[in-house]
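Now for the letters of each chain:
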Amino acid sequence: MQGVDPAWLPDEVFRPIGTRRTLVRGSGPLVDTVHEEVTRACARFGGRVERDAAPGPYDLVLEVTGTDGSEAFTCERADGRTNVTATGPSGLLYGLFHVVRLGEDAFREDLPRQTHAPALALRMLDHWDNVAVHPVMGQVERGYAGGSLFWADGRARGDLDRVRAYARLLASCGINAVAVNNVNVHETEARLLTDRIGEVAALAEVFRAYGIRTHLSVTFAAPLVLGGMDTADPLDARVRAWWARATAEVYAAIPDFGGYVVKADSEGQPGPFAYGRTHADGANMLAEALRPYGGTVHWRAFVYDHRQDWRDRSTDRARAAYDHFVPLDGEFADNAVLQVKHGPMDFQVREPVSPLIGAMPGTRLAVEVQATQEYTGQQRHVCWLGPMWSEVLRFPVQEGLPVGELARGGLVAVSNAGDDPYWTGHPLAQANLYTFGRLAWRPDADPSQILDEWIRLTFGTAAAAGLRAILDGSWRTYEKYTAPLGVGFMVQPGHHYGPAVDGYEYSPWGTYHFADRDGIGVDRSAATGTGFAAQYAKPWAEVYESPDTCPDELLLFFHHVPYGHVLHSGRTVIQHIYDTHFEGVEEAEEARRVWAGLGDVVDAERHARVAELFEEQVRSAREWRDQVNSYFFRKSGVPDERGRRIC
Ligand code: GCU
């Protein structure tokens, strides 16, 4: 597509296919998409493609044998031919992109027959996009990549070429679902459900060609605000009938509509509590409306008191999701999915895994991560989140079962894409989008292999070593120069960019660090604290309960300790704070230096954009370092062992 950054699908990655002879067999829109892809590659590189011809001297045969919904495919190479076979059309599409990733390796030596199937059936991006520009949140809430890809000037874009290119990128990394509007559903966006559903249908049509189903965030109060009713009580028959009618019309417009996403009783959004009903009552009402059509309701578990009194030490926001939802286990309909943030707070750079995951065996659960870098540098800092997500997905939170297996309802990311020419603002933030899709396909995959894959596809091989050096440790670098040891926040209120150690300390949001002259951290133990640690299954409840066994990186999430407390690393907490903040800045400076050296192997525009962003990252990292170090030096009076300058 002219003028659009091809991200990890530059023409070059299609060369191995585009120079060869390919046969595409099968029918249906997704097979057409596969055929178009190969046709385009051949037009570029001089190869040949046939559709539904008899077997012959082909290098590559892409064949779908049925029309089922399976996303699996097999790939093998024997007798000089590479065969990709699927029983369902979307499997063929994923098979094509598998061959693209293999590159020349797909055509060299024999490849044993291998079946590839996604571990998770739902691999979804939630877009926090507003149709109308919101006075505080702008067009994309927590968006750092320009405006919305879908909405402009108060309506769906007329030219959907960019959406098509986006759908293609998403399919190529395995994503199969999108929600096209913000979970905070404002007045204009509420109408997408009813009289403006045609605009959603236009987007859905584009996504459908790449095997992606479209979902919509809806307001729980829709019967009131759209239906003119006097209640949205989920147990009221008239309300249920309203939802059934509205949903029937949605499916009339979008036959393969995925379902609803709902943020209810959360940060001011309406919900079932207003009627004395439970969240299961609310979710099940929508599940019932969606059931006849095979749709799903994604009900978010992000329910907590955002009007907390900071003087009240007994209320703990970290506890809230578990306390609200565990008692409802077994009550949710089977087409209701409880969507849980990966940590108990809110997408901080370091949090423990949410104890809710695995604690509701009778409920389908989806895990939500945040690709948009709200708390991880807002796409001005390089912060590749692959290792964090991988740690989360592999963490054996319940009876040895990892999060990636417990997330039976799927994996969801808040999207980091927008209408920025590089899709994600920071060109290197594309790595997060790609890695998310690949981890959703295989949660136990090695993230560093995924990173290598992304680098090779996007930049070729010349810049590989440098890019790997920049990206691989970037999450840990970011952690080093920001809030220490899992304590979280310490950000500027509102927009959340840059340091403010006490920014949220006396606020109603429930996000405190409790630093005083003697120590820091939140006591969440069962013995003396809020009891949050006891929400975990064995062995984690015991591990987190004591500062002796709690992992260093989460110490201040679970415990309030003196500055002189000695970590497992052998350093005191205060010295750890100083050291990591100096190191973090040095690492950011080093990454900037490595990038500067890639000027000859990266295109000039991209190079300039990233170089400029590195200036901001280093400036901001120094600000973080100096504010955090000065704050704790002034609180504690403990000097840096190494006598470095702290103001
Ligand atoms: C965070 C974020 C909000 C968002 C919320 C959510 O708190 O700052 O902008 O609405 O998460 O996940 O619903």
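Conventions adopted
Residues numbered from 1 in each chain as written. Predicted model: local features only at pLDDT ≥ 70, side-chain atom pairs only at ≥ 80, totals over all residues. Heavy atoms only, no water. Domains from an automatic or database assignment. Contact = heavy atoms within 4.5 Å. Buried area = accessible area lost by both parts, 1.4 Å probe. Salt bridge = Lys/Arg side-chain N within 4 Å of Asp/Glu carboxyl O. Near = heavy atom within 4 Å. Polar contact = N/O pair within 3.5 Å; in protein donor to acceptor, adjacent residues only side chain to side chain. Pairing = 2+ DSSP bridges. Helix = DSSP H or I, 4+ residues; strand = E, 2+ residues; numbered from the N terminus. Axes fitted to C-alpha atoms, helices over the stretch in contact; angles between N-to-C directions.

### As for the domain arrangement of the chain
Domain annotation for the chain reports domain 1 (11–116), domain 2 (123–458) and domain 3 (479–522 + 560–636). Between the C-alpha centres of domain 2 and domain 3 there is a distance of 28 Å. Residue-level contacts link 32 residues of domain 2 with 32 residues of domain 3. Here domain 2 meets domain 3 over a buried area of about 2700 Å², counting both sides, of which 57% is carbon and sulfur. Our enumeration of links across domain 2 and domain 3 arrives at two salt bridges. With a shortest N-O distance of 2.8 Å, E479 and R350 are connected by a salt bridge.

### Here's the deal with the site of the ligand
Taken together, 13 residues lie around the ligand, and E141, K263, K341, D346 and E374 are the ones closest in. Within the side chain of E141, a nitrogen or oxygen atom sits 2.5 Å from an oxygen atom of the ligand. D346 has a polar side-chain atom sitting 2.7 Å from an oxygen atom of the ligand.

### Digging into the sheet that holds strand β16 (residues 336–341)
Backbone hydrogen bonds are what pair the strands of a sheet, in a parallel or an antiparallel way. The eight strands are arranged β7-β12-β13-β14-β15-β16-β17-β20 in a closed barrel whose pairing can be described as parallel. Each neighbouring strand pair of the sheet contributes to a mean axis angle of 25 degrees, computed without reference to strand direction. As paired strands, β16 and strand β17 (residues 364–370) are joined by five bridges and run parallel to one another. Looking at the pairing, V337 lines up with R364 of β17. The sheet strands contacting helix α6 (residues 197–208) are β12 (177–179) and β13 (213–217), and the helix crosses β13 at an angle near 150 degrees.

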